Amino acid sequence: MTLLEKIRNPRDLKDLRPEELPQLAAEIRDVLIQTVTRTGGHLGPNLGVVELTMALHRTFDSPVDRIVFDTGHQSYVHKLLTGRYGQFETLRQRGGISGYPNRAESEHDVMENSHASTSLSYADGLAKAYQIRGETDRCVVAVIGDGALTGGMAWEALNNIAGAKDRRVVIVVNDNGRSYQPTIGGLADHLATVRVSQRYEQVLDYIKTTLTHAPLFGPPLFETLHGIKKGIKDVLQPQVMFEDLGLKYVGPIDGHDELAMEHALSRARDFGGPVLVHVITRKGFGYPLAEENDQDCLHQVSPAASATPTGASQATRPAAKPVRRRWTEDVFAPELAAIGARRPDLVAITAAMLHPTGLDKFAAAYPDRVFDVGIAEQHAVTSAAGMAMAGLHPVVAVYATFLNRAFDQTLMDVALHRLPVTFVLDRAGVTGPDGASHHGMWDLSLLQLVPGMRVAVPRDGARLAELLNEAVAVSDGPTALRFPRGAAPEDVPAVGRLGGMDVLREPAAGAAPDLLLIGVGAMAGVCAQAADRLADQGIGVTVVDPRWVKPLDEALAGAAARCRLVVTVEDNGRAGGVGDAVARLLRDHDIDTPVRTFGLPQEFLEHGERGELLEDQGLAPQQLARVITEMVARRIPELVPEKQH
């Protein structure tokens, strides 16, 4: 058995001899590389925290002591050391273990998180509760990256943690100089200075070694100098920023020296109050392909393609799937760069995700017009408002799930002032393996609440380029554009127009318009496929892609009045989504045509492939066709052949 196979819980880890720890670290890295390159997931961050995570579990007593990982994408090593080695090959697979902490998996997982900059607030709350309950022997550890420290919520929590000198909170700053891309801003500059400066420790060690051995006056003089060490720190090492907040500072520590980490963490654990341990790590450490990756140190890798069995002949090899255009990289990114060439007032803003949100091409062409604000979506939106007030047209590119964090700023800072800011929401709807916290299934409901907001949802790549141009042309209020992750479907051409909307299917000649089927975004193509099946049953179907779902085109009301049933399909939560807006439009026009809405339930969906999860919710073409046929049969039996009754 390998050492890793023997680790069934953190107590087993404590039984290892110090000389065995490098072997265990190597085994963990082997498992990470072999598994994550196959399943996909966050490789670079986990390679960088192997020794740190080992030291945490050898120093603290989880789950009595609570270890909170900010964002949580770097918790794979933690999973391996807390009894999940046997299930690790199922990482991010349907029915397998999650790519983030998950309370259902283990008592060692404190919360199910993936949104950054939250760990310190969780830790503050836990520590307050333990103090009130008299559980003073318990320690709370928050592991937060230097990238997550750029989020304002982290500093709100730091202010509260530092205010209580007797709460046992240990803050481990995992400083690798990057979040996705290199960390930016004043904090990054500060930590970079600390990272390369050891002069304070060297000077203090010299004074201590020399003076404590001097007879008579040595010890008193050392104590005097030790009393003015704050001044030495001010001059020689800028760690004073954290100590000014009231946090004891330890570090910087080599995060790949496990024994040094244990020593530092033990000191922090026994201090009895809030301590910040500054740890220097290298993202992707131990895997040259990751360490040498300039873009993001293989922050997240895609699953490897299935290998052809050894010895298989060319004739038996599976045919290569055609490569489809990707929403973000192949459509949005070049189109935004092209618009930028025509529009010198266009600027782009991102929250530490330049490449994942497709701004890299724009940044390469116009580096002075791109602003990466760090993991700070709230600031990104209000900063965009300021730019718009000064005559620019900002494009704020974030994942759909992260717009939730900046809803107040979208409502009160942008919309209230009717500012021309365009929100580009990548990874909308069901995102797949990242799970509940990453599904972008809330944005269409939230944005329906925002006065003056216009929302476009493209069904394919051609419409994404088309609607992006329309969105940035709006000058009297905010716009939003949302689309899924991954490959875009084949372009679905329109067969007609209805107001400003695209008609994708029409009833056969002479057939009555029995059903108005409204497909939102990528679900429009699904509706077109379902309509072909419905037409085979003799049901006259009109399929409409609204293109803009807020405000809805008034022509929908007239079309609905001519039909006997209206069905809407979207990959957003049903509550408050486009379906509800359609029903409200018909009520406002006093149209009695019944409306049935299909969408995602208001639940936190598990991780899995997008297609599988949509099928689970009945949103595949054949499922929609079957259910709609049954609905028609119940409501309008004469429209359905006898065999369907």
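Going by the structure above, here's the rest.
The following refers to the structure shown. (Residues numbered from 1 in each chain as written. Predicted model: local features only at pLDDT ≥ 70, side-chain atom pairs only at ≥ 80, totals over all residues. Heavy atoms only, no water.)

With that settled, the discussion passes to the pattern of salt bridges. Within the structure shown, the criterion is met by 30 salt bridges. Across the pair R343 and D345 runs a salt bridge, and its minimum N-O distance is 2.8 Å. Classification of R343 by relative accessible area gives partly exposed; the value is 22%. Ionic pairing is found between R482 and D443, a salt bridge with its closest N-O pair at 2.9 Å. Of this pair, R482 sits in strand β11 (residues 479–482) while D443 sits in helix α21 (residues 443–448); the two residues are 39 residues apart in sequence, bridging distant segments of the chain. Accessibility assignment for this pair places R482 and D443 in one class, buried. Taken together, the shared-partner salt bridges connect R459, D460, R463, R497, D502 and D545 into one network. (Salt bridge = Lys/Arg side-chain N within 4 Å of Asp/Glu carboxyl O. Buried < 20%, exposed > 50% of the residue type's maximum accessible area, 1.4 Å probe, protein only. Helix = DSSP H or I, 4+ residues; strand = E, 2+ residues; numbered from the N terminus.)

Before going further, it helps to examine the sheet that holds strand β17 (residues 565–573). Reading across the sheet, the six strands line up as β12-β13-β15-β14-β17-β18 and stay open at both edges, with mixed pairing between neighbours. The sheet is open, and its two edges are formed by β12 (496–498) and β18 (595–600), each paired on a single side. Across the sheet, the mean angle separating the axes of adjacent strands is 30° when strand polarity is ignored. Pairing between β17 and β18: five bridges, direction parallel. Bridging from a neighbouring strand, G573 pairs with L600 of β18. Sitting on the sheet, helix α25 (residues 578–588) is in contact with β14 (515–519), β17 and β18, with an inclination near 145° to β17. (Pairing = 2+ DSSP bridges. Axes fitted to C-alpha atoms, helices over the stretch in contact; angles between N-to-C directions. Contact = heavy atoms within 4.5 Å.)

Before going further, it helps to examine the nonpolar core. Counting 52 residues, the largest nonpolar core has V421, F423, L447, V455, L516 and L556 as the members making the most contacts within it. Take this core: its biggest share by element is six residues, from helix α18 (residues 377–389). Core analysis: the second largest hydrophobic core is formed by 46 residues, L24, V50, V141 and Y287 among them. (Core = buried A, V, L, I, M, F, W, Y, C linked by side-chain atoms within 4.5 Å.)

For α25, the complete set of buried residues consists of V578, G579, A581, V582, A583, L585 and L586. Just downstream of α25, D590 is the residue with a positive phi angle, here 60°.

Extensive coverage of strand β15 (residues 541–545) is indicated by the burial of five of its five residues. Across the two faces of β15 the burial is the same, with V541, V543 and D545 and T542 and V544 all buried. Strand direction decides the pairing type here: strand β13 (residues 501–505) and β15, joined by three bridges, are antiparallel. Paired with D502 across the strands is D545, a residue of β15. The pairing of β14 with β15 spans four bridges and is parallel. Considered in β15, the bridge of L517 is made with V543. The β-α-β motif built from β14, the intervening helix α23 (residues 523–536) and the parallel element β15 has right-handed crossover chirality. (Right-handed = clockwise from strand over helix to strand, strands pointing away.)

Moving on: the environment of E27. Looking at the element boundaries, E27 is found in helix α3 (residues 21–39). Residue contacts for E27: discarding those within four places in its chain leaves T2, L3 and L4.

This brings us to the pairing of β14. The element β14 is extensively covered by neighbouring structure, given that five of its five residues are classed as buried. With burial as the criterion, each face of β14 is covered, one bearing L515, L517 and G519 and the other bearing L516 and I518. As judged from the five bridges shared by β14 and β17, these two strands associate in the parallel manner. Counted as the bridge partner of I518 is T568 from β17.

Across the interface, helix α16 (residues 327–342) lies against helix α22 (residues 461–472) with an axial gap of 10 Å and an inter-helix angle of 35°. Pair α16 / α22 crosses with right-handed handedness. Residue-level contacts link W327, V331, F332, E335, L336, I339 and R342 of α16 to G461, L464, A465, L468, N469 and V472 of α22. Considered class by class, the residues forming the contact of α16 with α22 number nine nonpolar, two polar and two charged. (Left-handed = near helix turned anticlockwise from the far one by under 90°. Nonpolar A, V, L, I, M, F, W, Y, C, P; charged D, E, K, R; others polar.)

The terminal C-alpha atoms of helix α27 (residues 621–635) lie 21 Å apart, and with 15 residues this matches the ideal 21 Å at 1.5 Å per residue to within 8%. Taken residue by residue, α27 has P621, Q623, L624, A625, I628, T629, M631, V632 and A633 as its buried positions. Next to the buried residues of α27 lie β14, α23, β17, β18 and α26 (610–616). (Expected span 1.5 Å × (residues − 1).)

Further remarks concern the environment of I7. If you trace the backbone, I7 turns up in the loop between α1 (3–6) and α2 (10–14). On the basis of relative accessibility, which here comes to 4%, the residue I7 falls in the buried class. As a C-alpha pair, I7 and L24 span 17 residues in sequence and 9.8 Å in three-dimensional space. Discounting chain neighbours no more than four positions away, the residues touching I7 are D12, L13, L16, L80 and L81.

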